[in-house]
Amino acid sequence: MDINASKVDPKLLELLVCPLTKGRLSYDPEANELVSEKAHLAYPIRDGVPIMLVSEARKIED
């Protein structure tokens, strides 16, 4: 994996919110995902682009 493709711009992370809860997201660099703790969803990042669709998100089990 290209190291530059896996990084998320911190300014972008400040602006993005979970489309379901409108809550904050955290970046998981190992899984290359944006995580919504409130919704228990992880949104994938593909080719450096966050895919902010609930239908594309991975459900996080407790």
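The notes below deal with the structure included here. In this convention, every chain numbers its residues from 1, walking through the sequence in written order. Restriction of local features to residues with pLDDT of at least 70 applies here, the model being predicted, together with a cutoff of 80 or more for giving and counting side-chain atom pairs; totals for whole chains, interfaces and linings are based on all residues. Processing note: side-chain calculations cover all non-hydrogen atoms of the structure and skip hydrogens and water entirely.

**Considerations on the nonpolar core**
Side chains that are nonpolar tend, in soluble globular proteins, to be buried together.
And step 1. Judged by nonpolar contacts, Val8, Leu16, Cys18, Leu25, Leu34, Ala39, Leu41, Tyr43, Ile45, Met52 and Ala57 together constitute the single largest core of eleven residues.
And step 2. Residue contributions to this core peak at three residues, all from strand β3 (residues 41-46).
And step 3. Two residues form a contact once any of their heavy atoms are found within 4.5 Å. Those residues in contact with cysteine 18 that sit more than four places away from it in its chain are Gly23, Leu25, Ser36, Ala39 and Tyr43. Take the buried residues of types Ala, Val, Leu, Ile, Met, Phe, Trp, Tyr and Cys, join any two whose side-chain atoms come within 4.5 Å, and each joined set is a nonpolar core. Buried, partly exposed and exposed residues are distinguished by accessible area as a fraction of the type maximum, computed with a 1.4 Å probe on protein chains only: under 20%, between the cut-offs, and over 50%, respectively. Helix and strand assignments come from DSSP, with helices taken as H or I runs of at least 4 residues and strands as E runs of at least 2, each series counted from the N terminus.

**Observations regarding the pattern of salt bridges**
And step 1. By definition here, a salt bridge exists when the distance from a side-chain nitrogen of Lys or Arg to a carboxyl oxygen of Asp or Glu is within 4 Å. Using the criterion set out here, one finds two salt bridges in the structure.
And step 2. Linking glutamate 33 and arginine 58 is a salt bridge whose minimum nitrogen-to-oxygen distance equals 2.7 Å. Separated by 25 residues along the polypeptide, glutamate 33 in strand β2 (residues 33-36) and arginine 58 in strand β5 (residues 58-59) bring together distant segments of the chain.
And step 3. Among the residues examined, arginine 58 registers a relative accessible area of 41% and is labelled partly exposed.
And step 4. Here arginine 46 ties to glutamate 56 by a salt bridge, and the two come within 2.9 Å at their closest N and O atoms. Pair noted here: arginine 46 is in strand β3 and glutamate 56 is in the loop between β4 (49-50) and β5, with a separation of ten residues, a long-range link.
And step 5. Judged by relative accessible area, arginine 46 falls into the partly exposed class, the value being 41%.

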